[in-house]
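Survey of secondary and tertiary structure
Below are the chains, spelled out letter by letter.
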Amino acid sequence: MEKTLVILKPCTVQRGLIGEIIRRFERKGLILIGMKMVWLTDEILSEHYSHLKEKPFFQRVKEAMRVSPVVVCCWEGVDAIQVVRTLTGVTNGRAAVPGTIRGDYSMSMQENIVHASDSPETAVIELKRFFNDNELYDYKPLTLSSLYAHDEY
Ligand code: ADP
């Protein structure tokens, strides 16, 4: 099974949507194996958004991520990285398809509810960036055999 990082952004915390967004992932059948609230630093955000450092909105995106604490989560499942990206929808909330998280909750390119790792390589790097090893739990829910066929996981 894969592990992926999701960050519930300050816009989500401010709007009181933490529970609703967590529920989306739970309802899908993803397994929550780590979660904490943290106030991110400019340093960690510069690293996390380094692929945007030449963009004019780099500073603004980082500042928006420091308006309040965020909730960082690790979700586990078969193909979890792609499944979470599909549930999340495209970057621009106005263009995101209804039914996706951004499509249902966001009107913005920047204030778009969640961050989700975009590949297996970045998921490994990002999980290490935000979690210590002892903050991720190795357990299997009792519902696993109802979530998957036995040869799927
Ligand atoms: P995604 O979060 O969909 O993987 P990116 O990695 O391209 O998208 O961008 C990271 C974050 O930076 C986005 O989620 C969004 O909050 C912000 N962002 C990206 N492009 C823009 C833009 N043109 N204007 C404002 N904010 C942006």
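You'll find the structure just up there.
What counts and what doesn't
- Residues numbered from 1 in each chain as written.
- Predicted model: local features only at pLDDT ≥ 70, side-chain atom pairs only at ≥ 80, totals over all residues.
- Heavy atoms only, no water.
- Helix = DSSP H or I, 4+ residues; strand = E, 2+ residues; numbered from the N terminus.
- Buried < 20%, exposed > 50% of the residue type's maximum accessible area, 1.4 Å probe, protein only.
- 1 Å grid on protein atoms, 1.4 Å probe; cavity = no way out; pocket = protein on both sides within 12 Å on 5 of 7 lines; lining within 4 Å.
- Points joined across faces, edges and corners; volume = space filled by probe spheres on them.
- Nonpolar A, V, L, I, M, F, W, Y, C, P; charged D, E, K, R; others polar.
- Near = heavy atom within 4 Å.
- Polar contact = N/O pair within 3.5 Å; in protein donor to acceptor, adjacent residues only side chain to side chain.
- Areas by Shrake-Rupley, 256 points an atom, 1.4 Å probe, with all protein chains shown as cover.
- Sits in = over half its atoms within 2 Å of the grid points.
- Arc of directions from axis to C-beta.
- Phe/Tyr/Trp six-rings, centres within 6.5 Å; stacked < 30°, edge-to-face > 60°.

Focus: the overall build of the protein chain
- Each helix and strand in the protein chain was counted, giving 8 helices and 4 strands.
- Starting at the N terminus, the α and β elements of the protein chain follow one another as β-α-α-β-α-α-β-α-α-β-α-α.
- Projected onto its principal axes, the C-alpha positions of the protein chain cover 50 × 35 × 25 Å.
- Across the 153 residues of the protein chain, 46% fall into the buried class.

Considerations on the layout of surface pockets
- Estimates place the volume of the largest pocket at around 600 Å³.
- Among the secondary structure elements, those contributing two or more residues to the lining of the largest pocket are helix H3 (42–48), helix H4 (58–64), strand E4 (114–116) and helix H7 (120–130).
- When residues of the lining of the largest pocket are assigned to their parent elements, the largest contribution, 4 residues, is made by H7.
- Taken together, the residues of the lining of the largest pocket sort by class into 8 nonpolar, 9 polar and 8 charged.
- Here the second largest pocket is characterised by a volume of approximately 190 Å³.
- Around the second largest pocket sit Glu 2, Lys 3, Ile 81, Pro 120, Ala 123, Val 124, Leu 127, Lys 128, Phe 131, Asp 133 and Leu 136, which together line it.
- Going through the elements one at a time, strand E1 (2–8) and H7 are the ones with two or more residues in the lining of the second largest pocket.
- Grouping the amino acids of the lining of the second largest pocket by side-chain chemistry returns 7 nonpolar, no polar and 4 charged.

A look at the site of the ligand
- What surrounds the ligand is the set Lys 9, Tyr 49, His 51, Leu 52, Phe 57, Val 61, Arg 85, Thr 91, Arg 102, Met 109, Gln 110 and Asn 112.
- Between the ligand and Arg 102, the relevant distance is 3.0 Å, taken from an oxygen atom to a side-chain nitrogen or oxygen of the residue.
- The separation between an oxygen atom of the ligand and a polar side-chain atom of Asn 112 is 2.9 Å.
- Isolated, the ligand exposes 540 Å² of accessible area, and the fraction of that covered by the protein chains is 83%.
- Comparing atom positions with the cavity grids shows the ligand to sit within the largest pocket.
- A per-class count over the shell around the ligand returns 5 nonpolar, 4 polar and 3 charged.

Looking at helix H2 (residues 18–28)
- Within H2 the residues assigned to the buried category are Ile 21, Ile 22, Arg 24 and Phe 25. In a view along the axis of H2, the buried residues occupy a sector of 145°, so they form one face of it.
- Positioned one or two residues after H2, Gly 29 has a phi angle of 110°, which is positive.

Digging into the packing of aromatic side chains
- What the rule picks out here adds up to 2 aromatic pairs.
- On the basis of an interplanar angle of 40° and a centroid distance of 5.3 Å, the ring pair of Phe 25 and Trp 75 is categorised as tilted. Placement of the pair is Phe 25 in helix H2 and Trp 75 in strand E3 (residues 70–77), with a sequence separation of 50 residues. Each member of the pair, Phe 25 as well as Trp 75, carries the same accessibility label: buried.
- Ring geometry for Tyr 148 versus Tyr 153: centroids 5.6 Å apart, planes at 45°, classification tilted.
- Of the residues examined, Tyr 148 reaches a relative accessible area of 16% and is grouped as buried.
- For Tyr 153, a relative accessible area of 42% translates into the label partly exposed.

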